[in-house]
Amino acid sequence: MRVDEDKCIACKRCFPYCPLGRIQVLRRHPKIPGRVYIEIDQDKCTDCGMCFRANVCPVDALYQPAEPWPREVRAILSNPLIEYKGSQVPGRGTEEMKTNDVTGRFLPGEVGIGIELGRPGVATYFRDVEVVAMALAPLGYEMAEENPVTHFMSDRKTGKLRDDILDERATSAIIEGKCKLENLPEVLETIKKAAEKVDTVFSVEIISKVPPKGEIPIIPILERLGYEYSINSKNNMGLGEPVFKFDE
Amino acid sequence: MTHSLHRRGDRESLKEDFVVLGCPATGINKKGSAPKTREFLRICWKHGPVNLGDMKTGNTYNTTIDDILDRVTDGTIVQCTFDSREKVVSLLKELKEKKPGISVIVSGVTDIVQGIMDEAGLGRIHTIEYSMGTWGKTERMPDFAVLKITTMCGHAMIANDLVGKLLRDIKRGRTTPEEASHEIAKCCTCGNFNLTRGTQLLREMLPLYMVNRY
């Protein structure tokens, strides 16, 4: 996101709408005496477009130019209005468990695990995304094919991202995939170690097909290993059609 | 895409907070899904959501329900936010009867959602997704009270500073908690922001926060 220095009057009305906090500085206009304008730190800005959409600028000084690659990746993962064509889903991730009733993406004995770096509201550089992706890759963690981060990998076997995006930044970026239930403890332990190496936060999510009867299989594992999980959850109602026939 | 999952708060704060999503599946029922999604939205609208939207079009606080319905295409994912258990029960009963054909997802406190499904005759949850919280440099996150509001937008479009600014505006008599909640809802284009909960949280924060920025 950029500011037209000839229009901006530095009223600061856009400041509180920036999800990343104070990433703006005030500058003296080089040609208009006494005029001060706002400059957005282009390294920190993720081009999410929130300040523009807030429609609070009284002089229409905010604008989003078409950014070339690799900067283009910022808006792809940060602006919710932009759909990444590779995933065919608006937003930063995939359909994941939302359509599991018809896709059978997560079968009994499999666990979906998502790691959303930068969330909530801290943002992430892709070099940190790579740290987590490369830690998971050797563990039999199968990256979701249609996920944008998977598309940005130069080597999906190692989780290595393209070098040209490593210094780019996004409001958040999700690594999505699945592993076998028996690999869950090792995967979680690896994510825990990766958390110490990244310079941001990440939110972790875990998906399981619920059996018709009995305990949800991930629960005893999480409880035995001492991991906390939320009281609230996202729940597929099983109303989609045609119904996927699970072997259970 | 897990933008209704990581909402923060205790049981008391989350017990009347539900996001209902309608989602077609790529490669299976996405082609030709627009009429089904529109029907799903119309049914949801009848049951009185506090917010409703489509990520690419906006929500009922920055556009109209007719505009949202008109701009539904094959593959559109829609969200409706409810502030009452009873409304979700009646909604799911109707969805069970009319079968929208697309996948339906409900985010909320797990045992409450299961109770709703039992009451609506839907049986057990099909597939579940839990949040395992936030890991890493958690000291960079804002105060938990602010997070309870900002995490209602999973795309992180509700700025921490906006919450602070609006609290100050309320304290100065420039706006009300209801109007402030309305302003926050406009930032979350998907329609996931629960205005009833947002207003209540702002009220709870008012006596606790000294705001000195902006």
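Reference entry: report on the structure contained in this document.

What counts, and where the lines are drawn
- Residues numbered from 1 in each chain as written.
- Chains lettered and ligands numbered in written order.
- Predicted model: local features only at pLDDT ≥ 70, side-chain atom pairs only at ≥ 80, totals over all residues.
- Heavy atoms only, no water.
- Helix = DSSP H or I, 4+ residues; strand = E, 2+ residues; numbered from the N terminus.
- Rg over C-alpha atoms; globule rule 2.2 N^0.38 Å.
- Buried < 20%, exposed > 50% of the residue type's maximum accessible area, 1.4 Å probe, protein only.
- Contact = heavy atoms within 4.5 Å.
- Lys, Arg positive; Asp, Glu negative; His and termini not counted.
- Charge placed at Lys NZ, Arg CZ, Asp CG, Glu CD.
- Areas by Shrake-Rupley, 256 points an atom, 1.4 Å probe, with all protein chains shown as cover.
- Expected span 1.5 Å × (residues − 1).
- Buried area = accessible area lost by both parts, 1.4 Å probe.
- Salt bridge = Lys/Arg side-chain N within 4 Å of Asp/Glu carboxyl O.
- Polar contact = N/O pair within 3.5 Å; in protein donor to acceptor, adjacent residues only side chain to side chain.
- Pairing = 2+ DSSP bridges.

Observations regarding the overall build of chain B
Of the regular secondary structure elements, chain B holds nine helices and six strands. Here the C-alpha radius of gyration of chain B, 18 Å, is about what a compact globule of 214 residues would show, namely 17 Å. Summarising its shape, the C-alpha atoms of chain B cover approximately 50 × 35 × 35 Å along the three principal directions. Counting across all 214 residues of chain B, residues that qualify as buried make up 64%. Partitioning the intrachain contacts of chain B with sequence separation of at least 6 by distance along the chain shows that 75% fall at a separation of at least 24. On chain B, the mean spot of the 31 positive side-chain charges and the mean spot of the 26 negative ones are 3 Å from each other.

Section: the overall build of chain A
Secondary structure summary: chain A contains seven helices and 15 strands in total. Its C-alpha atoms give chain A principal-axis dimensions of about 75 × 40 × 30 Å. Counting across all 248 residues of chain A, residues that qualify as buried make up 58%. Counting contacts in chain A only where the partners sit at least 6 residues apart, residues at least 24 apart contribute 77% of the total. In the structure as shown, chain A presents an accessible area of about 10,400 Å², 51% of it carried by carbon and sulfur atoms.

A word on helix α7 (residues 160-171) of chain B
Residues and elements named next belong to chain B. The end-to-end C-alpha distance of α7 is 17 Å, a good match for the 16 Å that 12 residues give at a rise of 1.5 Å each. Taken across its 12 residues, α7 has nine buried, putting it largely inside the fold. Where α7 is concerned, the buried positions are Asp161, Leu162, Val163, Gly164, Leu166, Leu167, Arg168, Asp169 and Ile170. Buried residues belonging to α7 abut α6 (144-150), α8 (177-187) and α9 (195-205). Just past α7, the residue Gly173 takes up positive phi, approximately 80°.

A look at the interface of chain B and chain A
The partner chain A presents 81 residues to the 72 residues of chain B that form the contact. Buried area between chain B and chain A, summed over both chains or domains, comes out near 6,900 Å², and the portion from carbon and sulfur atoms is 59%. On the surface where chain B and chain A come into contact, there are two salt bridges. The residue Asp199(A) makes a salt bridge to Arg140(B) at a minimum N-O spacing of 2.4 Å. If you look at where chain B meets chain A, you find 30 residue pairs in polar contact (both at pLDDT 80 or more).

A short note on unusual backbone geometry
Residues and elements named next belong to chain A. Of the consecutive residues Trp69 and Pro70, the connecting peptide bond is found in the cis state with omega at 10°. Inspection of the secondary structure assignment puts Pro70 in the loop between β4 (62-63) and α2 (72-78). Pro242 follows Glu241 through a cis peptide bond whose omega is 0°. Within the secondary structure, Pro242 is located in the segment after β15 (232-236). Positive phi outside glycine occurs at Ala10, with the angle close to 55°. Its relative accessible area of 17% is what places Ala10 among the buried residues. Its identity is not glycine, yet Asn55 carries a phi of approximately 60°, on the positive side.

A few points about the environment of Asp17(B)
All names here are of chain B. Mapped onto the secondary structure, Asp17 falls in the loop between α1 (11-14) and β1 (18-23). Looking at Asp17, the relative accessible area reads 3%, which means it is buried. Not counting chain neighbours up to four residues away, the residues in contact with Asp17 comprise Arg7, Thr81, Phe82, Ser107, Gly108, Asn194 and Arg197. Engagement of the side chain of Asp17 in a polar contact is seen with the side chain of Arg7, the distance being 2.8 Å.

Details of the pattern of salt bridges
Side-chain pairs of opposite charge can arise where the charged atoms are in close proximity. For the coordinates displayed, the defined rule picks out 34 salt bridges over all chains. For Lys87(B), the salt bridge is made with Asp83(B), and the minimal N-O distance between the two is 3.3 Å. Within the structure, one salt-bridge network assembled from shared partners comprises Arg2(A), Asp47(A), Glu67(A) and Arg71(A).

Considerations on the pairing of strand β14 (residues 201-209) of chain A
Most of β14(A) is tucked away, with nine of its nine residues classed as buried. Burial of β14(A) is two-sided: the residues Val201(A), Ser203(A), Glu205(A), Ile207(A) and Lys209(A) facing one way and the residues Phe202(A), Val204(A), Ile206(A) and Ser208(A) facing the other way are all buried. Here six bridges tie strand β7 (residues 110-117) of chain A to β14(A), and the two strands are oriented antiparallel to one another. Bridged to Ile115(A) within β14(A) is Val204(A). The pairing of β14(A) with strand β6 (residues 127-136) of chain B spans eight bridges and is classified as antiparallel.

A closer look at the environment of Lys93(B)
Residue and element names in this part refer to chain B. If you trace the backbone, Lys93 turns up in helix α4 (residues 85-98). Sequence separation between Lys93 and Gln79 is 14 residues, and the spatial gap between their C-alpha atoms is 18 Å. Dropping the residues within four chain positions of it, Lys93 is found in contact with Glu119 and Ala120.

Some remarks on the environment of Arg203(B)
Residues and elements named next belong to chain B. Relative to the elements of secondary structure, Arg203 occurs in helix α9. The exposure class of Arg203 is partly exposed, given its relative accessible area of 41%. When the C-alpha atoms of Arg203 and Glu178 are compared, they prove to be 9.4 Å apart, with 25 residues separating the residues in sequence. Beyond its immediate sequence surroundings of up to four residues, Arg203 is in contact with Pro177 and Glu178.

In short, the description is geometric, and any link to function would need to be established separately.
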